[in-house]
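# Inside the fold
In case you want the letters, here they are:
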2 protein chains.
Amino acid sequence: MRQQYRRLLAMAATGAWARLPSYCSAHQHLPEVPAMPGDTRLFLRAIEGAGVGFEYAMFLNAAECHPLCLFQPGPYLEGHPGLTHGGAITTIIDGTLGTCALAVAGKVMTANLSIDYLVPVPLGAAVLLDGRAERLEGRKVFLSCHVQSAERDTLHARATGLFIWLDPTKHRTREEDGGR
Amino acid sequence: MRQQYRRLLAMAATGAWARLPSYCSAHQHLPEVPAMPGDTRLFLRAIEGAGVGFEYAMFLNAAECHPLCLFQPGPYLEGHPGLTHGGAITTIIDGTLGTCALAVAGKVMTANLSIDYLVPVPLGAAVLLDGRAERLEGRKVFLSCHVQSAERDTLHARATGLFIWLDPTKHRTREEDGGR
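My aim in this report is to walk through the structure given alongside it, one point at a time.

### Focus on the layout of surface pockets
- As a volume, the largest pocket reaches approximately 1,100 Å³.
- Broken down by secondary-structure element, the contributors of at least two residues to the lining of the largest pocket are helix 3 (86-105) of chain A together with helix 2 (26-29), strand 2 (54-61), helix 3 (86-105), strand 4 (108-117) and strand 7 (155-165) of chain B.
- When residues of the lining of the largest pocket are assigned to their parent elements, the largest contribution, five residues, is made by helix 3 of chain B.
- For the lining of the largest pocket, the per-class residue count stands at 24 nonpolar, 13 polar and three charged.
- Taken as a whole, the second largest pocket holds about 900 Å³ of empty space.
- Taken together, 38 residues make up the lining of the second largest pocket; nearest its centre are D94(A), G98(A), G79(B), H80(B) and H85(B).
- Ranked by residues supplied to the lining of the second largest pocket, first place goes to helix 3 of chain A with six residues.

Here's what the structure looks like:
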């Protein structure tokens, strides 16, 4: 894990890659959207306690629309005893592919995710998520993601994702229409 | 939400439906599996605080392998501002379909989930998950799930799931082989 993290930090230092911030609220990630009233929290940052939830660092090569996420599931992400819950794996895949789609197309919404769970991820194991933008078709962004062991010798899961670009023109039109 | 919950409790009172317990650890759900060392927690029960995380009640008609789950996402399950994270929706779908597959086939693992996110679920909205076992092929259990508004007038998401029955004979053989 430490070796893989150092390698990613070294990549970030070249300038082509950037380590992405990980805020507690969606509003901080998308400051143009007003903050929600009350205490909301980004799902990936909802679990209290050091090291027990989603422990991850995300890196993006914006020019190549290529995200990498180093992820270590904490003990509160349990599904079967000792193993990471499939929903937690999907959540970090959605986050990684969403980052990729955002880099490709701007503000997007997830329309479909399909995940093959191949080899269970033990709690505490380090895995690397490697996302790719496969193609663009109009407002549709097709992506894929591999979840591998940090040494890249085990493929734990693979996923495809379809994200829809939220056309700002259409949003503006609705607002101009008085929200109808 | 309250009306739908009362209807589900009335169904449970008929005897065909049972409200399922919701424990904090996987070991309590599967007591034949040894508890993990240290403080692990089932992912659906990982978020501290009243009403902020996965708020749900699950019901099962075991004879018909038919689960229903009434779910209200709390404010810590945020994806886009004010909306439920796709990963949180997938997590509750996985839990509902896993319950269904468990009733059909016994101990299972998720092999594939494919989710169409159709209409965003606002934080705090009540939704009803309706799972079905579609067919069995050897050790494969094919399932589907609809995520609807509590009044059943909006389809928020639909999913298919493939779960694999964990053959206890094969497990025993591996253990007898010394874990090879």
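The structure having been displayed, the exposition proceeds.
### Here we look at the packing of aromatic side chains
- Scanning the entire structure with this criterion turns up nine aromatic pairs over all chains.
- Here the aromatic rings of F43(A) and F43(B) are separated by 5.7 Å at their centres, their planes lie at 35°, and the arrangement is tilted. With F43(A) in the loop between helix 2 (26-29) and strand 2 (54-61) and F43(B) in the loop between helix 2 and strand 2, this residue pair bridges two chains. Of the two residues, F43(A) and F43(B), neither departs from the other in class, the shared state being buried.

The rules behind the values
- Residues numbered from 1 in each chain as written.
- Chains lettered and ligands numbered in written order.
- Predicted model: local features only at pLDDT ≥ 70, side-chain atom pairs only at ≥ 80, totals over all residues.
- Heavy atoms only, no water.
- 1 Å grid on protein atoms, 1.4 Å probe; cavity = no way out; pocket = protein on both sides within 12 Å on 5 of 7 lines; lining within 4 Å.
- Points joined across faces, edges and corners; volume = space filled by probe spheres on them.
- Helix = DSSP H or I, 4+ residues; strand = E, 2+ residues; numbered from the N terminus.
- Nonpolar A, V, L, I, M, F, W, Y, C, P; charged D, E, K, R; others polar.
- Phe/Tyr/Trp six-rings, centres within 6.5 Å; stacked < 30°, edge-to-face > 60°.
- Buried < 20%, exposed > 50% of the residue type's maximum accessible area, 1.4 Å probe, protein only.

Such coordinate-based values are descriptive only and should not be taken to indicate function.
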